[in-house]
Every structure is written in C-alpha cells, then in structure tokens.
Amino acid sequence: MTTTLTRLAWTTDLELEIFEKLLKKYAPHIPKKRSQEPRSPETEEERENFYRFRVAGAAHDLFIVQVCAKIIDSFPDPELQLFLSRQIGDDGAHAQNTRLRAQAISGRDPIEDIQKQVQKHWDYMGDLPIRNWQGFLAFELHYELHIVALLFINSRTSKINDPDSAKFAAERILPDEAVHRLGVVDWWQRKFDPASPAEKEDLIAQVIEADEEGQRRRNLYLRDHWLLSQKAIGIEIDDLPVLYDAWRREVLSYFLDIPISRLPKLVSVND
C-alpha cells in the first residue's frame, strides 16, 4: 500500500523552505541573499554571451508555448485547458520580451537563433511532451518545477544582467511562473488525490517512468545550459548537480505523496 504524507499546500514559501533546507545540507556557503546587484554586460564578449543566454531563455519559453499549443485540445478538461491557455499567453509574452531585449543588446533580431534552439528542445525531448498525459506531466515537471533550484541560484549568485530584463522578470515572469507551478500542482492533485490506493500505486509508477525518461533526455541540455549561464551571467554551478537532484527528489516526493525514502534510485543530472 502506498505510504502517504500529509501535504502542505505548494507555495512559493514552501519552495523557499525546501531550498534553504537543501542549501544547509549540500551547499551552506551559498548566500541567502546576493551581496551586490548585477552589472550590465560591458565587453563585446560579455554582450555576445549574454545574447546567447537570452536566446536560450526565449527558446525555453517558446518551446513551452509550442508544446502546450499542440496538446491543449487533447484533454477533455476545461479547467486544465484554461490553465494551459494562460500558460501559453504568459510564456509567449516572456519569450517576446526576451527576444526584444536580446535584439536591443545585439542590434539584430534573434528570432531565427531562438527557433534553432527551440528545435534542439524538440530534438532532446522527442514526442515525450505530447505522447500522452504522463509525458506531458513529465514535461511540465521538468520545464516548470524541477528547474526552481536553478532559479534560486541565479537570484543569489548572478553577476551580470540587463536592467530592463531584470525589471520585467521581477514584475512579470516570476509571478507568472509561480502561477504556472501551482497550476501544474492543481491539475495533478485533481487527478491523483481521488484515486484509490491501488490506482495511486499505478499512477506513481507511470509518473516516475515518464519523469525518468524526461531526465535522461534533458541531461545534456541542462549541463550545457548551466555552463552557458556561468559564462554569461556568472552564476555558481559547482553545487548545481547535487542541488538539482535533491530538489527533484523533493518535488517528486511531494507530487506522489510518498517519503523520499520510498522513491527508487533516480537518474542523476550527471548520468
């Protein structure tokens, strides 16, 4: 029988609490707050690296738009469809703003570079995000929830940023992404919580299988993106693999309502 937990509501406060717990265990030297505000890219090399970083961010968001647009009518669930319609609109706006900031910094429209990077996401992920509900949930977990530890690291250790990008992120992207994460949690809990114990066991196995496939597919991309982030905005990445793996275990433990000790050995980002 499934060992169930009594879950708190998933909130941004809970995310911070979990992250602080993981920092204390795995990387206590990382500061709770940044020591100084990031500066703008100054040299030609810094501007080019920052351009590549912004292109990667726009591609991440546009890939989400493309996936959600392809699958939205596959679910006979109007509540989920309404959530996905917001996710499409939000991430489309995020991608467009990032495109325009990359253009302002570089002097060239990055739309072709963005689409090339979007195609790499499709190459990595294959049909997993649009194969079935299990694959789509794995996609949402990987593109919305499993990356939160990286967002915390960025917010505390980045050294380079564009002021206009930072303002838009604070006012629009961060609140929107919190809504997206809560929307994914809500969709899953509406599916999982009413299930019988036997049904839950089956759902847990299905989700872990899809999430593991997603992790194997994402590993090379993640490692490359972290190196780009280090080069472009100066974040600390030495502790990211252990923090990422630990954060992912926390997310799956919460979603599947089982202790971390009940999870199987999971694929690591370093595998």
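Residues numbered from 1 in each chain as written. Predicted model: local features only at pLDDT ≥ 70, side-chain atom pairs only at ≥ 80, totals over all residues. Heavy atoms only, no water.

Let us look at the overall build of the chain. Scanning the chain from N- to C-terminus turns up 10 helices and 0 strands. Scanning the chain from its N terminus toward the C terminus, one meets helices and strands in the order α-α-α-α-α-α-α-α-α-α. For the chain, whose C-alpha radius of gyration is 18 Å, the value lies close to the compact-globule estimate of 18 Å for 271 residues. Its C-alpha atoms put the chain at 60 × 45 × 35 Å along the principal axes. Counting across all 271 residues of the chain, residues that qualify as buried make up 51%. Excluding contacts between residues fewer than 6 apart, the proportion of contacts in the chain whose partners are at least 24 apart in sequence is 83%. Total accessible area on the chain is roughly 12800 Å²; 54% of this is exposed by carbon and sulfur atoms. For the chain, the centre of its 36 positive side-chain charges and the centre of its 45 negative side-chain charges are spaced 3 Å apart. (Helix = DSSP H or I, 4+ residues; strand = E, 2+ residues; numbered from the N terminus. Rg over C-alpha atoms; globule rule 2.2 N^0.38 Å. Buried < 20%, exposed > 50% of the residue type's maximum accessible area, 1.4 Å probe, protein only. Contact = heavy atoms within 4.5 Å. Areas by Shrake-Rupley, 256 points an atom, 1.4 Å probe, with all protein chains shown as cover. Lys, Arg positive; Asp, Glu negative; His and termini not counted. Charge placed at Lys NZ, Arg CZ, Asp CG, Glu CD.)

Position of Pro163 relative to the elements: it lies in helix α8 (residues 163-192). What makes Pro163 exposed here is its relative accessible area of 52%.

Another aspect to go through is the nonpolar core. Formed by 75 residues in total, the largest nonpolar core has its most connected members in Trp10, Phe136, Leu137, Trp188, Trp247 and Phe255. The element that contributes the greatest number of residues to this core is helix α2 (residues 44-71), accounting for 12 residues. Excluding residues within four positions of it along the chain, Phe136 makes contact with Val67, Cys68, Ile71, Phe75, Leu84, Leu128, Pro129 and Trp187. (Core = buried A, V, L, I, M, F, W, Y, C linked by side-chain atoms within 4.5 Å.)

What follows is about the packing of α8 against helix α9 (residues 197-233). Where α8 contacts α9, the axes come no closer than 11 Å and their chain directions differ by 145°. Residues Trp188, Lys191 and Phe192 of α8 form the contact with α9, whose own contacting residues are Lys200, Leu203, Ile204 and Val207. (Axes fitted to C-alpha atoms, helices over the stretch in contact; angles between N-to-C directions.)

Attention shifts here to the environment of Ile204. Turning to its location among the elements, Ile204 is positioned in helix α9. Each C-alpha atom, one on Ile204 and one on Ile72, is 23 Å from the other, the two residues being 132 residues apart in sequence.

For the structure shown, the criterion picks out 23 salt bridges. Its salt-bridge partner being Lys21, residue Glu250 comes within 2.7 Å of it at the nearest N-O pair. Of the two residues, Glu250 is situated in helix α10 (residues 240-256) and Lys21 in helix α1 (residues 12-26); the sequence distance between them amounts to 229 residues. A relative accessible area of 13% means that Glu250 is categorised as buried. Several salt bridges share partner residues, and in doing so they unite Arg86, Asp90, Arg172 and Asp176 into one network. (Salt bridge = Lys/Arg side-chain N within 4 Å of Asp/Glu carboxyl O.)

A few words now on the packing of aromatic side chains. Describing an aromatic ring pair means giving the distance of the ring centres and the angle of the ring planes. A complete count under the given rule lists 17 aromatic pairs for this structure. One aromatic cluster in this structure is built from Phe63, Phe75, Trp122, Phe136, Phe139, Tyr143 and Trp187. Taking the ring centre of Trp133 as reference, the NZ or CZ of Lys191 above it sits at 4.3 Å. When the ring centre of Tyr143 is taken as reference, the NZ or CZ atom of Arg218 above it lies at 4.1 Å. (Phe/Tyr/Trp six-rings, centres within 6.5 Å; stacked < 30°, edge-to-face > 60°. Lys NZ or Arg CZ within 6 Å of the ring centre and 35° of its normal.)

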